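# Descriptive structure summary
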Amino acid sequence: MSEAVRLAELDLLRGIAILLMIIFHTVFDLAFYYGWPLDYLDGFWYYEGKASAVLFMLVSGISNIFSHQPVRRGLIVFGTGLFITVITYLYSPAVYIRFGILHLLGVGMLATPFLNQRSALPLILAGLSILAVGNSFSQITSTTAFLVPFGIKPPGFTSLDYYPLLPWLGIILFGMAIGKLLYPDKQSLCPSAANHPPVRWLSWLGRRSLFIYLMHQPVILAILYIINPK
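Read on for a plain summary of the structure. All chains use their own residue numbering, which begins from 1 and follows the written sequence. Side-chain atom pairs in this predicted model are given and counted only at pLDDT of 80 or more, local residue features only at pLDDT of at least 70, and totals for whole chains, interfaces and linings cover all residues. Side-chain metrics in this entry use all non-hydrogen atoms of the structure; hydrogen atoms and water are not considered.

### Examining the side chain of Thr112
As for its placement among the helices and strands, Thr112 is situated in helix H5 (residues 112-115). A relative accessible area of 1% places Thr112 in the buried class. We call two residues contacting when some pair of their heavy atoms lies within 4.5 Å. In this view, Thr112 contacts Asn64, Pro70 and Met176; residues no more than four positions away in its chain are not counted. Going along the chain from the N terminus, every DSSP run of H or I of four or more residues is numbered as a helix, and every run of E of two or more is numbered as a strand. Residue exposure (1.4 Å probe, protein chains only): buried if accessible area is under 20% of the type maximum, exposed if over 50%, otherwise partly exposed.

Written as structure tokens, this is what we have:
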């Protein structure tokens with residue numbers, strides 16, 4: 001399957017994840033920068049944001065089984081994550097992104113040549129193990145920041161975006177397992193879906209997910225400033 005071939009349903013799911021992400025970050029900006037009484041650390045908005053991230057991980061895992069150049073894609077995505085690290089450090093050193101969702105997705109892509117040799121069951125079992133270990137690691141603290149990518153944080157650690165390998169790589173493995181079960185022939189399950197206007201619009205977002213990820217926060221902040229300058 002060529003890298004240029006797209007599955008309509010995966011672009012649709014990416015588009016939904018993008019839309020959820022934009023909504024969550026708008027809520028975050030209104031609360032963090034403008035003092036609106038919106039709780040993004042708990043309740044509905046917290047889970048809305050997590051739903052966006054988990055959907056990105058699952059779709060990334062499914063997409064990994066189709067990729068002919070996962071290492072190249074992984075380097076691009078992980079490199080973009082490092083770029084975000086530098087930008088957020090310059091903007092806000094106290095809460096900069098050390099290992100966010102782009103770092104996680106990039107590592108998942110880089111590991112695809114090894115993981116793609118496994119069938120669905122080993123991937124599911126490995127995913128469950130990673131989730132269990134990651135849950136244990138979340139209770140551990142360390143004096144070094146070098147273990148942050150693995151879910152072990154220094155005391156008082158904060159970050160604008162944090163998705164460590166343990167446990168979140170497990171979700172990517174679940175996505176790969178889903179891909180192997182649903183796409184044994186690597187063919188779209190609903191090729192006619194792209195003909196519907198709402199699907200076309202969401203799929204358009206999904207095909208540009210990395211670019212939108214990079215640009216959406218400056219655009220949101222600019223719009224909010226125009227509407228309500230501080």
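### Concerning the layout of surface pockets
A 1.4 Å probe that fits but cannot get out identifies a cavity on a 1 Å grid over protein atoms alone, an open set with protein on both sides within 12 Å along at least five of seven lines counts as a pocket, and a residue lines either if it has an atom within 4 Å of a point. Grid points are joined across faces, edges and corners, and a volume is the space filled by probe spheres set on the points. When its volume is computed, the largest pocket comes out at roughly 1400 Å³. If you trace the largest pocket, you find 43 residues lining it, with His25, Ile97, Ser159, Leu160 and Asp161 closest to the centre. Elements with a minimum of two residues in the lining of the largest pocket: helix H1 (8-34), helix H2 (43-64), helix H3 (70-91), helix H7 (165-182) and helix H9 (209-227). Amino acid classes used here: Ala, Val, Leu, Ile, Met, Phe, Trp, Tyr, Cys and Pro are nonpolar; Asp, Glu, Lys and Arg are charged; the rest, including Gly, are polar. Broken down by class, the residue content of the lining of the largest pocket amounts to 29 nonpolar, eleven polar and three charged.

### Examining the nonpolar core
Only buried residues count toward a nonpolar core. Its members are Ala, Val, Leu, Ile, Met, Phe, Trp, Tyr and Cys residues joined through side-chain atoms within 4.5 Å. The biggest cluster of nonpolar side chains holds 47 residues, and the ones touching the most others in it are Met57, Ile101 and Leu104. With ten residues, the single largest contributor to this core is H7. Not counting the four nearest positions on each side in its chain, Met57 is found in contact with Ile101, Leu104, Leu105, Tyr163, Trp168, Ile171 and Ile172.

### Some details on the environment of Leu123
By the element assignment, Leu123 lies in helix H6 (residues 120-137). Given the relative accessible area of 2%, Leu123 is considered buried. Leu123 sits 47 residues away from Gly170 along the chain, and the two C-alpha atoms are 8.5 Å apart. Not counting chain neighbours up to four residues away, the residues in contact with Leu123 comprise Leu115, Arg118, Leu173, Met176, Ala177 and Lys180.

### Quick look at the packing of aromatic side chains
Stacked, edge-to-face and tilted are the three classes for Phe, Tyr and Trp ring pairs, Trp counted by its six-membered ring, which pair at centre distances within 6.5 Å; planes under 30 degrees apart are stacked, over 60 edge-to-face, the rest tilted. Tallied over the full model, the rule gives ten aromatic pairs. A ring pair is formed by Phe66 and Tyr183, whose centres lie 5.4 Å apart and whose planes are at 75 degrees; its orientation type is edge-to-face. Residue Phe66 is found in the loop between H2 and H3, and its partner Tyr183 is found in the loop between H7 and helix H8 (197-207); the two are separated by 117 residues along the sequence. Residue Phe66 shares its accessibility class with Tyr183, and that shared class is buried. Summarising the aromatic geometry, the rings of Tyr89 and Tyr96 are spaced 5.0 Å apart at their centres and angled 85 degrees between planes, so their arrangement reads as edge-to-face. Residue Tyr96 is classed as buried on the basis of its relative accessible area, which comes to 18%. What links up through ring pairs into an aromatic cluster is the set Phe28, Phe32, Tyr33 and Tyr40.

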